[in-house]
Amino acid sequence: DEQIERERASQHLSGGCCALAAVYLMGKFYVANAGDSRAIIIRNGEIIPMSREFTPETERQRLQFLAFLRPELLGKEFTHLEFPRRIQPKELGKKMLYRDQNMNGWAYKKIEENDLKFPLIYGEGKKARVMATIGVTRGLGDHDLKVFSSNVHIKPFLSCFPEVRVYDLTQYEHCPDDVLVLGTDGLWDVTNDTEVAGVVMEVLTSYEPNDPCRYTMVAQELVVRSRGVLKERGWRLANDKLGSGDDISVFVIPLGGPGNYT
């Protein structure tokens, strides 16, 4: 993240990205995730999550706590409090459900002038945004990113620190059908863990266990199915739902070799 910031200054480069990394070291996989990509292990048909997405919803309390400690980061446009919906001026003095950085549930408060500001986190699910701008809360770069038509920077809320999960390969005997799948959000936006596992099993069983191209073919099939087919109404999946419009990158890494196949 610091390297990207140096390049921004010296080479006038801007932008940012999420990061998902898998490192194999002394019999263990270390999976580090900063962003909304995802990694899962499929072992003997079982799905083992190796990451979680970092979004405005999953990191609400961290974001609100930072805004509570440093209200200057919000400018004069935002409030760190969250409400079920946008507050209207006519509702001043009335009671409304809200929650702050210390609350998991909701409570009532009397609406004040500051509560009319735009909430730090707005929207639900994939539509949730930090300061109505960005839908992911960890990643690298984006040092220049600002709220639209504003001088308020997003970067203080965008953490570059990943969450790391560890998987010990020595505790299990893996066969060639056991894999680690790494994918960007373009895959997971339209394909869930169970569907990915189904594609993995379907493709792997059509190849010999010692055929090295079988894993590449799984990754290719996951990309193709998540993009869909181009029709008059855009890219469509097999169920006619809208295909992924985001970038789709997929790695499928075998955890066991042909010698372990039973």
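Keep in mind it's a predicted model, so treat the numbers as computed, not measured.

Engineer: Give a detailed account of the domain arrangement of the protein chain, specifying residues and quantitative values.
Structural biologist: Domain parsing of the protein chain yields domain 1 (1–52 + 162–254) and domain 2 (59–157). In this assembly, domain 1 packs against domain 2 so that about 1,100 Å² is buried in total across both faces, 52% of it on carbon and sulfur atoms. For domain 1, the biggest contributors to the area lost against domain 2 are Asp 1, Arg 8 and Cys 17; these three give 34% of the whole. At the level of secondary structure, the elements contributing two or more residues to the side of domain 1 that touches domain 2 comprise helix 1 (2–11) and strand 1 (16–17).

Engineer: Could you give an account of a nonpolar patch on the surface, with specific residues and numbers?
Structural biologist: Taken together, the side chains of Val 23, Leu 25 and Met 26 make up a nonpolar region of the molecular surface, amounting to roughly 350 Å² of accessible area. Relative to the helices and strands, Leu 25 resides in strand 2 (residues 19–25).

Engineer: Would you mind going over the nonpolar core in detail, with residue names and values included?
Structural biologist: If you look at the biggest cluster of nonpolar residues, it comprises 19 residues, and the most contacted ones within it are Val 181, Val 196, Leu 222 and Val 252. Secondary-structure elements contributing two or more residues to this core are strand 4 (38–43), strand 14 (179–183), helix 3 (185–188), helix 4 (193–204), helix 5 (213–227) and strand 17 (250–254). Those residues within four positions of Val 196 in sequence are excluded, and the remaining contacts are Ile 40, Ile 42, Val 181, Leu 187, Trp 188, Thr 191 and Leu 222. Formed by 18 residues, the second largest nonpolar core is a distinct cluster that contains Leu 63, Leu 74, Ile 154 and Phe 157.

Engineer: Report on the pattern of salt bridges, specifying residues and quantitative values.
Structural biologist: In total, this model carries 19 salt bridges according to the counting rule given. In this structure, Glu 72 engages Arg 70 in a salt bridge whose closest nitrogen and oxygen atoms are separated by 3.1 Å. Among the salt bridges present, the one from Glu 82 reaches Arg 99, with a minimum N-O distance of 2.7 Å. With Glu 82 in the loop between strand 6 (78–79) and strand 7 (95–98) and Arg 99 in the loop between strand 7 and strand 8 (107–110), the pair connects residues that are 17 residues apart, well separated along the chain. As far as the burial class goes, Glu 82 and Arg 99 line up, both buried. Several salt bridges converge on common partners, so that one network encompasses Glu 5, Arg 8 and Asp 144.

Engineer: Describe the environment of Asp 177, naming the residues involved and giving the relevant values.
Structural biologist: Locating Asp 177 in the fold gives a position in the loop between strand 13 (163–168) and strand 14. Relative accessible area serves as the criterion here: at 14%, Asp 177 is assigned to the buried category. In sequence terms Asp 177 and Gly 45 are 132 residues apart; their C-alpha atoms lie 8.7 Å from each other. A distance of 2.8 Å separates polar atoms of two side chains, one belonging to Asp 177 and the other to Arg 214.

Engineer: Break down the packing of aromatic side chains for me, with residues and values.
Structural biologist: Following the criterion strictly, the structure yields 4 aromatic pairs and no others. Each ring, one from Phe 118 and one from Tyr 122, has its centre 4.9 Å from the other, and the planes form 50 degrees; the classification is tilted. An aromatic cluster of three or more residues is present, and its members are Phe 78, Phe 118 and Tyr 122. Directly above the ring of Phe 54 sits Arg 138, whose terminal nitrogen or CZ lies 3.9 Å from the centroid.

Engineer: Report on the sheet that holds strand 3 (residues 28–34), specifying residues and quantitative values.
Structural biologist: One open sheet accounts for 3 strands, arranged 2-3-13; its pairing is antiparallel. Each edge of the sheet is formed by a strand with only one pairing partner; in this case those strands are strand 2 and strand 13. Within this sheet the neighbouring strands show an average axis-to-axis angle of 15 degrees, counted without direction. Sheet topology places strand 3 next to strand 13; 6 bridges connect them, and they run antiparallel. Following the sheet pairing, Lys 28 is matched in strand 13 by Asp 168.

Engineer: Mind laying out the packing of helix 4 against helix 5, listing which residues take part and the relevant values?
Structural biologist: Put simply, helix 4 and helix 5 touch, their axes get as near as 9 Å, and they point 135 degrees apart. Here helix 4 is positioned oblique relative to helix 5, judged by the angle of their axes. Once helix 4 is placed against helix 5, the crossing between them reads as right-handed. On the side of helix 4, the interface is formed by Val 196, Val 199, Val 200, Glu 202, Val 203 and Leu 204, while helix 5 contributes Arg 214, Tyr 215, Met 217, Val 218, Glu 221, Leu 222 and Arg 225. Counted by class, the contact of helix 4 with helix 5 contains 9 nonpolar, no polar and 4 charged residues.

Engineer: Lay out helix 5 with the relevant residues and their values.
Structural biologist: Note that an α-helix has 3.6 residues per turn; residues three or four places apart therefore point the same way. For helix 5, spanning 15 residues, the distance from its first C-alpha to its last is 21 Å, which sits close to the expected 21 Å at 1.5 Å a residue. Buried residues of helix 5: Arg 214, Tyr 215, Val 218, Ala 219, Leu 222 and Ser 226, and no others. Axial view of helix 5: buried residues confined to an arc of 145 degrees, hence all on one face. On its buried side, helix 5 packs onto strand 14, helix 3, helix 4 and strand 17. Within two residues after helix 5, Gly 228 carries a phi angle of roughly 90 degrees, on the positive side.

Procedures and definitions
- Residues numbered from 1 in each chain as written.
- Predicted model: local features only at pLDDT ≥ 70, side-chain atom pairs only at ≥ 80, totals over all residues.
- Heavy atoms only, no water.
- Domains from an automatic or database assignment.
- Buried area = accessible area lost by both parts, 1.4 Å probe.
- Helix = DSSP H or I, 4+ residues; strand = E, 2+ residues; numbered from the N terminus.
- Patch = residues over 30% accessible without salt bridge, like charges linked within 9 Å, V, L, I, M, F, W, Y side chains within 5 Å.
- Areas by Shrake-Rupley, 256 points an atom, 1.4 Å probe, with all protein chains shown as cover.
- Salt bridge = Lys/Arg side-chain N within 4 Å of Asp/Glu carboxyl O.
- Core = buried A, V, L, I, M, F, W, Y, C linked by side-chain atoms within 4.5 Å.
- Buried < 20%, exposed > 50% of the residue type's maximum accessible area, 1.4 Å probe, protein only.
- Contact = heavy atoms within 4.5 Å.
- Polar contact = N/O pair within 3.5 Å; in protein donor to acceptor, adjacent residues only side chain to side chain.
- Phe/Tyr/Trp six-rings, centres within 6.5 Å; stacked < 30°, edge-to-face > 60°.
- Lys NZ or Arg CZ within 6 Å of the ring centre and 35° of its normal.
- Pairing = 2+ DSSP bridges.
- Axes fitted to C-alpha atoms, helices over the stretch in contact; angles between N-to-C directions.
- Parallel < 35°, antiparallel > 145°, perpendicular 65-115°, else oblique.
- Left-handed = near helix turned anticlockwise from the far one by under 90°.
- Nonpolar A, V, L, I, M, F, W, Y, C, P; charged D, E, K, R; others polar.
- Expected span 1.5 Å × (residues − 1).
- Arc of directions from axis to C-beta.

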